Each structure stands twice: as structure tokens, then as C-alpha cells.
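Per-entry structural report
Below are the chains, spelled out letter by letter.
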Amino acid sequence: MLIDGAAVDSIAAFYAQLNEKLMRGEDWEIGPSLDALNDLLYSGIGALAGAGRQRWVITDHTDMAAALGVETTRAWLRAKLDPEGPFDRPAIREQLERLEASGHATYFELLLEVFADHPAIELVLN
């Protein structure tokens, strides 16, 4: 599986690539969610159905890391603070505070954590 990191300029763009490459022939798409990515990797949905060990390559990963960096992560977390939303707002505020204090746990880093939870997937950053 090849992800074009230079084409990932937003969270939505990352998931658009996943849907384009993995969900062809399905009548639904995965949403822009770390939980959805985790489910996709665990479940073998779409093109991953029945797949064993997998090798994923992210080209131009530094471009992708920059695009999914602090600014994008801040906006993503702030959107989850909507009082009408289903999210644990105190936990989201804590994540936002850690991000602001350290610049770490960006969306890109969170993606890497999801992949790391799947030992049958080799992730290569180019």
C-alpha cells in the first residue's frame, strides 16, 4: 500500500487516499477518524480483506508530517470541544494542553501510533 505523503495536505486528504485505494467496490467509505483507521487495519475491510502481512509505504512523509502537524492537530482537537459533540471534552482539553506545551502528539504522530498497534503491518516512511 502506497500513500503519497506530498498529496496529504489535510486529515481529509489522508482518508481520501485510503478510500480511493482500499474501498473501491464498497458501497461505503471510512470516515476521517483514527478509530476508523484502526478498524480498517484490524478488520481487513475492502481491499485489505483477507490480507496477511502488509507493507505500507508513505512517500514524502516529512511533507505529510508537516501538514498533519501542530496547527492541523490543534484545529482537529478544538472541533471536538463542541458542547453538542460526543467527545470527552476534559480529555480533549488535556490533549490540547499537551500539544500546546510540547508540540507533540500531532495527528501524524497519532497515525503512527495506530500503525504501531498492528504488528502484521510494516510501515515504511520515505
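You'll find the structure just up there.
This next bit is on the sheet that holds strand β2 (residues 54-59). Within a beta sheet, neighbouring strands are joined by backbone hydrogen bonds and run either parallel or antiparallel to one another. With parallel pairing, the 3 strands of this open sheet are ordered in space as β1-β2-β3. Only two strands of the sheet have a single partner each, and these edge strands are β1 (2-4) and β3 (121-125). Each strand of the sheet is rotated relative to its neighbour by a mean of 15 degrees, with strand direction disregarded. Where β2 lies against β3, 5 bridges are found, and the strand directions are parallel. Following the sheet pairing, Trp-56 is matched in β3 by Leu-123. Across the sheet, helix α1 (residues 11-22) is in contact with β1 and β2; its angle to β1 comes to roughly 145 degrees.

Overall, the coordinates contain 3 aromatic pairs when judged by the stated rule. Plain terms: the ring middles of Phe-14 and Tyr-15 are 5.0 Å apart, the flat faces sit at 80 degrees to each other, and that makes the pair edge-to-face. Looking at Tyr-15, the relative accessible area reads 2%, which means it is buried. Each ring, one from Trp-76 and one from Tyr-107, has its centre 4.8 Å from the other, and the planes form 85 degrees; the classification is edge-to-face. With a gap of 31 residues between them, Trp-76 in helix α4 (residues 70-79) and Tyr-107 in helix α6 (residues 107-116) connect regions that are remote in the sequence. Residue classification places Trp-76 among the buried residues on the basis of a relative accessible area of 16%.

With that settled, the discussion passes to the pattern of salt bridges. Considering all chains together, one arrives at 4 salt bridges under this definition. For Glu-20, the salt bridge identified is with Arg-24, shortest N-O distance 4.0 Å. Assessed through its relative accessible area of 47%, Glu-20 is described here as partly exposed. A salt bridge links Glu-122 to Arg-55; the shortest N-O distance between them is 3.5 Å. Taken together, the residues Glu-122 in strand β3 and Arg-55 in strand β2 connect sequence positions 67 residues apart. Its relative accessible area of 47% is what places Arg-55 among the partly exposed residues.

The rules behind these values
- Residues numbered from 1 in each chain as written.
- Predicted model: local features only at pLDDT ≥ 70, side-chain atom pairs only at ≥ 80, totals over all residues.
- Heavy atoms only, no water.
- Pairing = 2+ DSSP bridges.
- Helix = DSSP H or I, 4+ residues; strand = E, 2+ residues; numbered from the N terminus.
- Axes fitted to C-alpha atoms, helices over the stretch in contact; angles between N-to-C directions.
- Contact = heavy atoms within 4.5 Å.
- Phe/Tyr/Trp six-rings, centres within 6.5 Å; stacked < 30°, edge-to-face > 60°.
- Buried < 20%, exposed > 50% of the residue type's maximum accessible area, 1.4 Å probe, protein only.
- Salt bridge = Lys/Arg side-chain N within 4 Å of Asp/Glu carboxyl O.

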